[in-house]
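# Architecture and fold: a report
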Amino acid sequence: MSLAPTPTGPPSNGIQEQQERWERKRARTGRELVRTEQRYCHQLELVNTYFVEILKAKGTLRQDIRESIFSSIKAIHSLNQTLLAYLEDGMFGPGFERFCQHLNHYTVYIDNIHNANKVLQMTLKKNKAFRRFKKLQESRPEFRNTILEDLLPLPLQRIQQYKYFLRDLTENTLPDSPESAALSGAVKAVSEVAQRIQDNARSHENQLQLRRIQKLLTGCKSKVLVPGRWYIREGWLRAVPPKGTEVKPKMFFLFSDVLLLTTPCSPLHPTNGDKFCCQRVYALQDCTVGKVFGHTKSQGGLISLTFTEEKLLLMSSDQEDINDWYRSLSSAVGQLASRTTVVHKRDNLCRRPLRSAQAQSEPSTPSVGPSQPQPVRKRNMVAAETTGQCEGPPHSPRLPPGGGGASAMKKMRLTDAPAESAPESAGSSCVIL
């Protein structure tokens, strides 16, 4: 019976099969990328040909309005036509490497998209000639029942698609391939632009929420539109009064830095019947959040908010709702505290070099002040020695200024004194000085 292992075939076959699978996936992704890129370039061409160029030739819109609506879409169309030529030749790496060098055109378009939609709606409302022109162009068979409002966001959507296409191409490209490095760099550059799109969308949505709440509030304390403020949530809660009066529901608006307590206005009010009156503004900077009860699966719960000068108790009969409020409040307070800590650390790091530089520039300069009397002591010692020399006995000779007499007197005192009293004489000399 032979114990030799049975041959399982050359190991290169498994590697070759893996490479073939990568090539098939890469080819399939490449075909889909080329197909969608051709359609995307055709849609950009519709906007440039039937809107940008004709509006510029006819002068229907002013140049500033035209640029506010269409921004850099003409440069984007030219850039993507060049990319399409590379993609059709199968040169994905060089094509996207050159494409990423001009992503600033997309960045300009992304930052202007919300303003473009706003200007477009205002122009359609005020300019009858442009409204008629837009309707006429959209009725062309080339548009296939597509309106301008659907075509303007296409560059933003295409950037998101590029991120997934590039990821698939990179994963199915051999690491030692000359295109691998170019595709990896393109994934990073395009992902940054895609993140910018998401951040702008979140910021725009947050501004819409702040404006909506600002219109709902009345009162001098209800300034909601503050730079850097983020909307978190809103809802009805019962505020427990400190004196045991009736518990009434209040409308709360939670932001990243403050909590607003409001009450509904009278429904009989002619203009503010559907609004809320802002009663208190609680700053979350020095707030402590705690859950009094509601930890178990009971009905409702109670949250305590401790501020510098006041304590607020919020109650709800909905267990899930009070837990959501607790999580939102804890998260907002924690993020605000972490940002404050980072700012303090940065200030300390900025001050340290100044102190060290000042200490290095004046290392040997003694400071004269009431807390450091060293120079005064030196002057007193010199004065004491001088008076001691001048006020000698009448029969003693005058000592020379070199100080030899003083040293001779010290020697005489040391020899005259007994050996065991030497420390005491040293101590008495220190006291005299």
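Preceding this paragraph is the structure being described.
So, a few notes on the structure that sits alongside this text. (Residues numbered from 1 in each chain as written. Predicted model: local features only at pLDDT ≥ 70, side-chain atom pairs only at ≥ 80, totals over all residues. Heavy atoms only, no water.)

## Overview of the overall build of the chain
Applied cut-off: Only DSSP runs of H or I covering at least 4 residues are called helices, and only runs of E covering at least 2 are called strands; the numbering of each starts at the N terminus. To sort residues, take the accessible area from a 1.4 Å probe on protein chains only and compare it with the maximum for the residue type: under 20% means buried, over 50% means exposed, and anything in between is partly exposed. Only heavy atoms matter for contacts: two residues are in contact if any of them lie within 4.5 Å across the pair.
A tally of helices and strands in the chain yields 13 helices and eight strands. Counting only residues that meet the buried cut, the chain has 33% of its 433 residues in that class. Considering only intrachain contacts with a sequence separation of at least 6, the fraction spanning at least 24 residues in the chain is 59%.

## Description of the packing of aromatic side chains
What counts here: Only rings of Phe, Tyr and Trp enter the pairing, Trp through its six-membered ring, and a pair is recorded when the two centres are within 6.5 Å. The plane angle decides the type: under 30 degrees is stacked, over 60 is edge-to-face, the rest tilted. Put simply, a charge is over a ring when the Lys NZ or the Arg CZ is close to the ring centre, within 6 Å, and near the line of the ring normal, within 35 degrees.
For the structure shown, the criterion picks out 12 aromatic pairs. The interplanar angle of 65° and the centroid separation of 6.2 Å between the aromatic rings of Tyr 231 and Phe 255 together place this pair among those described as edge-to-face. One end of the pair, Tyr 231, is in strand S2 (residues 231-240); the other, Phe 255, is in strand S3 (residues 248-255), and 24 residues separate them in sequence. If you follow Arg 229 out to its NZ or CZ, it ends over the ring of Phe 255, 5.7 Å from the centre.

## So, the side chain of Asn 48
Rules: Distance and chemistry together define a polar contact, namely a pair of N or O atoms within 3.5 Å, with one atom able to donate a hydrogen and the other to accept it when in protein, and with adjacent residues in sequence counting only for side-chain atoms on both sides.
For Asn 48, the location among the structural elements is in helix H1 (residues 12-58). Residue classification places Asn 48 among the buried positions, given a relative accessible area of 5%. In this structure the side chain of Asn 48 is engaged in a polar contact, spanning 3.0 Å, whose partner is the backbone oxygen of Leu 44. Those residues in contact with Asn 48 that lie beyond four places of it in its chain are Glu 53, Ile 73, Lys 74 and His 77.

## Focus on a positive patch on the surface
Let me state the cut-off plainly: Within this analysis, patches are made of residues with over 30% relative accessible area and no salt bridge. Like charges are joined at 9 Å or less; nonpolar side chains (Val, Leu, Ile, Met, Phe, Trp, Tyr) at 5 Å or less. Here the accessible surface of atoms and residues is derived via Shrake-Rupley with a 1.4 Å probe, and residues count as covered only by protein chains that are part of the display. Salt bridges are identified by distance alone: a Lys or Arg side-chain nitrogen within 4 Å of an Asp or Glu carboxyl oxygen. His is not counted, nor are the chain ends; Lys and Arg add positive charge and Asp and Glu add negative charge. To locate a charge, take atom NZ for lysine, CZ for arginine, CG for aspartate or CD for glutamate.
Judged by side-chain charge, Arg 21, Arg 24, Lys 25, Arg 28 and Arg 31 come together as a positively charged surface patch. Locating Lys 25 in the fold gives a position in helix H1. Using a relative accessible area of 40% as the deciding quantity, one classes Lys 25 as partly exposed.

## A short note on the side chain of Glu 37
One can find Glu 37 in helix H1. With near-sequence residues (within four places) excluded, Glu 37 lies in contact with Asn 80, Leu 83, Leu 84, Leu 87, Arg 158 and Tyr 162.

## Looking at the nonpolar core
To keep things clear, this is the line we draw: Put simply, buried Ala, Val, Leu, Ile, Met, Phe, Trp, Tyr and Cys residues joined by side-chain atoms within 4.5 Å make one nonpolar core.
Counting 51 residues, the largest nonpolar core has Phe 70, Phe 96, Phe 99, Tyr 106, Ile 159 and Tyr 162 as the members making the most contacts within it. Considering each element in turn, this core owes the most residues, 10 residues, to H1. Residue contacts for Tyr 106: discarding those within four places in its chain leaves Tyr 40, Ile 76, Leu 79, Asn 80, Phe 99, Pro 155, Ile 159 and Tyr 162. Core analysis: the next-biggest nonpolar cluster, separate from the first, contains 21 residues, Tyr 282, Leu 305, Leu 314 and Trp 325 among them.

## Concerning the pairing of strand S8 (residues 311-316)
Test applied: At least two bridges found by DSSP between two strands is the condition for calling them paired.
A one-sided burial pattern is seen for S8, the buried positions being Leu 312, Leu 314 and Ser 316 and the unburied ones Lys 311, Leu 313 and Met 315. The sheet contact formed by S2 and S8 spans three bridges and is antiparallel. When the sheet's bridge partners are listed, Val 240 is paired in S8 with Leu 313. Taking the residues that link successive antiparallel strands as the turn, the strand S7 (residues 301-306)-S8 hairpin has four residues.

## Digging into the sheet that holds strand S6 (residues 288-293)
Strands sit in the order S1-S5-S4-S3-S2-S8-S7-S6 across an open sheet of eight strands; the sheet is mixed. With one partner strand each, in any of the chains shown, strand S1 (217-218) and S6 form the two edges of the open sheet. Pairing of S3 with strand S4 (residues 258-264) involves four bridges; the strand directions are antiparallel. Considered in S4, the bridge of Phe 252 is made with Leu 261.

## A look at unusual backbone geometry
Its identity is not glycine, yet Ser 71 carries a phi of approximately 50°, on the positive side. Looking at the secondary structure, you find Ser 71 in the loop between helix H2 (63-70) and helix H3 (73-88). One non-glycine residue, Asn 145, adopts positive backbone phi at about 60°. With respect to the helices and strands, Asn 145 occurs in the loop between helix H6 (128-138) and helix H7 (148-151).

## Things to note about the pattern of salt bridges
Scanning all chains against the criterion turns up 13 salt bridges. With a shortest N-O distance of 3.0 Å, Lys 74 and Glu 53 are connected by a salt bridge. With Lys 74 in helix H3 and Glu 53 in helix H1, the pair connects residues that are 21 residues apart, well separated along the chain. For Lys 74, a relative accessible area of 47% translates into the label partly exposed. For Glu 53, a relative accessible area of 34% corresponds to the partly exposed category. We note a salt bridge from Glu 138 to Lys 134, for which the minimum N-O separation is 2.8 Å. Here Lys 134 and Glu 138 lie together in helix H6, a separation of four residues that amounts to about one turn. Both residues of the pair, Glu 138 and Lys 134, count as buried. Taken together, the shared-partner salt bridges in this structure form one network comprising Lys 134, Glu 138 and Glu 149.

## Quick word on the layout of surface pockets
Using the following cut-off: Cavities and pockets were defined on a 1 Å grid built from protein atoms only: a cavity is a group of points that admits a 1.4 Å probe but offers it no way out, a pocket is an open group of points flanked by protein on both sides within 12 Å along at least five of seven lines, and a lining residue is one with an atom within 4 Å of any such point. Grid points are joined across faces, edges and corners, and a volume is the space filled by probe spheres set on the points. We call Asp, Glu, Lys and Arg charged. Ala, Val, Leu, Ile, Met, Phe, Trp, Tyr, Cys and Pro are nonpolar, and the rest, Gly among them, are polar.
Roughly 400 Å³ of internal volume is contained in the second largest pocket. Taken together, 18 residues make up the lining of the second largest pocket; nearest its centre are Arg 39, Tyr 40, Gln 43, Leu 151 and Leu 154. At the level of elements, H1, H7 and helix H8 (154-171) are the ones that each hand at least two residues to the lining of the second largest pocket. Per-element accounting of the lining of the second largest pocket gives the leading share, seven residues, to H1. Tallied by class, the residues present in the lining of the second largest pocket amount to six nonpolar, six polar and six charged.

## So, H3
Which entries qualify depends on this criterion: Here the expected span of a helix is defined as 1.5 Å times the quantity of residues minus one. Directions are taken from the helix axis to each C-beta atom, and the arc is the one they span.
Helix length check: H3, at 16 residues, gives a terminal C-alpha distance of 22 Å against a target of 22 Å (1.5 Å per residue), a fit within 8%. Within H3 the residues assigned to the buried category are Ile 73, Ile 76, His 77, Leu 79, Asn 80, Leu 83, Leu 84 and Leu 87. The buried residues of H3 occupy an angular sector of 165° when the element is viewed end-on, so they sit on one face. Positive phi shows up at Gly 90, right after H3, with a value of about 80°.

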